[in-house]
Amino acid sequence: MMAVTANHGCPGIGEPSELDKLTNNLLQVQDTFLNHWTGDRLQESLQEHWQEHQLAVQQGRDKIASLQKELKDLEQQELSNKQVEEVNRRRLQELREQIEESSARCQELLFEKEQKEKELQAETAKYNQQRDLVEAQEKATQARLRELNKAGGLYRDRLGLQFKNIGGGQLQFAFTQLDQKDHNRVFLFTIKIENNKYNLTDCNPTIEGLDEMVEELNKSNDLMKFVITTRRKFKGLL
């Protein structure tokens, strides 16, 4: 084989052969690897990689811590939101109950108001009815008083009749000139107009059939007839 290599062109004398060059290159690589990579350079490279690794690990831990903190904050926020939601739910329920209670009370008040209005209307109608009745009675009383005054004027001289209003809706009728022995002797009776009716409150001296006479007076409303009949009854006592 050396003959073949020599035949293809051997280097000149003193020039390194290809094998020598390769050998030298391998030696240089070996020296570089052994001295450069197994010495200080290797330590420096390992230190750099270790620092980079530590930095990456620390960054990873920081990231994990940040994520854990964010997760915890979110969990607390969720818990807080749930608590707020529960408080709001209870408050909403309370408000609904208060609204229902207020609505029911409002309905009760409206019903009471309607009842009071009905009662007031009934009382007003009753009052108006009583007022109208009183006014009618007052008018009737005044009319009868006028009638009595007129009767008194007509029969004062003829029958010896005098009458006067003694209060409380009462009229007193007094007759004289009945007793031939004593023309000044007084015969009297008192009538009270009440509830649009005649009532006899006094009669002196007492005569018979007064109740029937008063009943007939209220039926006929003929006061003059009652006065004449009473005078006749008084005269009959003599």
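Residues numbered from 1 in each chain as written. Predicted model: local features only at pLDDT ≥ 70, side-chain atom pairs only at ≥ 80, totals over all residues. Heavy atoms only, no water.

A.B. asks: Is there a simple way to explain the nonpolar core in this structure?
C.D. replies: If you look at soluble globular proteins, the nonpolar side chains tend to sit buried side by side. Formed by 22 residues in total, the largest nonpolar core has its most connected members in Phe173, Phe175, Phe189, Ile191, Leu223, Phe226 and Phe234. Elements represented by at least two residues in this core include exactly strand 1 (161-167), strand 2 (170-175), strand 3 (187-194), strand 4 (197-204), helix 4 (210-220) and helix 5 (223-236). Per element, the largest residue contribution to this core is five residues, and it comes from helix 5. (Core = buried A, V, L, I, M, F, W, Y, C linked by side-chain atoms within 4.5 Å. Buried < 20%, exposed > 50% of the residue type's maximum accessible area, 1.4 Å probe, protein only. Helix = DSSP H or I, 4+ residues; strand = E, 2+ residues; numbered from the N terminus.)

A.B. asks: I tried to follow the side chain of Asp179 on my own but got confused; where do I start?
C.D. replies: For Asp179, the position within the fold is in the loop between strand 2 and strand 3. Note on Asp179: relative accessible area 13%, which makes it buried. For Asp179, the side chain forms a polar contact with the side chain of Arg185, separated by 3.4 Å. Contact partners of Asp179, with chain neighbours within four places excluded, come to Arg185, Phe187 and Leu238. (Polar contact = N/O pair within 3.5 Å; in protein donor to acceptor, adjacent residues only side chain to side chain. Contact = heavy atoms within 4.5 Å.)

A.B. asks: Can you help me understand the pairing of strand 2 in this one?
C.D. replies: Each regular strand shows side chains that alternate between the opposite faces of the sheet. Burial analysis of strand 2 places five of its six residues in the buried class, the great majority of the element. Where strand 1 lies against strand 2, six bridges are found, and the strand directions are antiparallel. For Phe163, the partnering residue across the bridge sits in strand 2 and is Phe173. Hairpin geometry of strand 1 and strand 2 is characterised by an intervening segment of two residues between the two adjacent antiparallel strands and by a positive phi of about 65 degrees at Gly168. Both strand 2 and strand 3 contribute to a ladder of six bridges, which runs antiparallel. When the sheet's bridge partners are listed, Gln170 is paired in strand 3 with Lys192. (Pairing = 2+ DSSP bridges.)

A.B. asks: What am I meant to see in the packing of aromatic side chains here?
C.D. replies: Any pair of aromatic rings gets described here by the distance separating the centres and the angle formed by the planes. For the structure shown, the criterion picks out six aromatic pairs. Residues Phe175 and Phe234 carry aromatic rings whose centres are separated by 6.0 Å and whose planes lie at 65 degrees to one another, so their mutual orientation is edge-to-face. Residue Phe175 is found in strand 2, and its partner Phe234 is found in helix 5; the two are separated by 59 residues along the sequence. Take Phe175: its relative accessible area is 0%, and that puts it in the buried class. Ring pairs connect the aromatic residues Phe163, Phe173, Phe175, Phe187, Phe189, Phe226 and Phe234, which therefore count as one cluster. (Phe/Tyr/Trp six-rings, centres within 6.5 Å; stacked < 30°, edge-to-face > 60°.)

A.B. asks: What am I meant to see in the environment of Thr201 here?
C.D. replies: The residue Thr201 is located in strand 4 in this model. Taking the C-alpha atoms as reference points, Thr201 and Phe189, twelve residues apart in sequence, are found 7.7 Å from one another. Excluding residues within four positions of it along the chain, Thr201 makes contact with Gln170, Thr190, Ile191 and Lys192. A distance of 3.1 Å separates a polar atom in the side chain of Thr201 from a polar atom in the side chain of Gln170.

A.B. asks: Would you take a moment to explain the sheet that holds strand 2 for this structure?
C.D. replies: Remark on secondary structure: sheet strands pair via backbone hydrogen bonds, oriented parallel or antiparallel. Overall, antiparallel pairing links the four strands, which are arranged 1-2-3-4 in an open sheet. Every other strand in the sheet has two partners, leaving strand 1 and strand 4 as the edge strands with one partner each. Averaged over all neighbouring strand pairs, the angle between strand axes comes to 25 degrees, with direction disregarded. Each of strand 3 and strand 4 touches helix 4; the most contacted strand, strand 4, lies at about 150 degrees to it. Contacts between helix 5 and the sheet are confined to strand 1, strand 2, strand 3 and strand 4, with strand 3 contributing the most and set at about 150 degrees to the helix. (Axes fitted to C-alpha atoms, helices over the stretch in contact; angles between N-to-C directions.)

A.B. asks: Whenever I open this one, the pattern of salt bridges confuses me. Can you help?
C.D. replies: Pairs can form between side chains of opposite charge once their charged atoms are near each other. Overall, the coordinates contain nine salt bridges when judged by the stated rule. One salt bridge in this structure joins Arg105 and Glu108, with 3.1 Å as the shortest N-O distance. With Arg105 and Glu108 both in helix 3 (residues 40-159) and three residues apart, this pair spans about one turn of that helix. A salt bridge links Asp179 to Arg185, with the nearest nitrogen and oxygen atoms 3.4 Å apart. (Salt bridge = Lys/Arg side-chain N within 4 Å of Asp/Glu carboxyl O.)

A.B. asks: Just checking my understanding: could you explain unusual backbone geometry for this structure?
C.D. replies: Among all residues save glycine, negative phi is the norm, and among peptide bonds the norm is trans. In the segment running from Asn204 into Pro205, the intervening peptide bond is cis, with an omega of 0 degrees. Its location among the elements puts Pro205 in the loop between strand 4 and helix 4. For Gln177, which is not glycine, the phi dihedral falls at a positive 65 degrees. Structurally, Gln177 can be placed in the loop between strand 2 and strand 3. With a relative accessible area of 43%, Gln177 lands in the partly exposed category. Unusually for a residue other than glycine, Asn195 sits at a positive phi of about 55 degrees.

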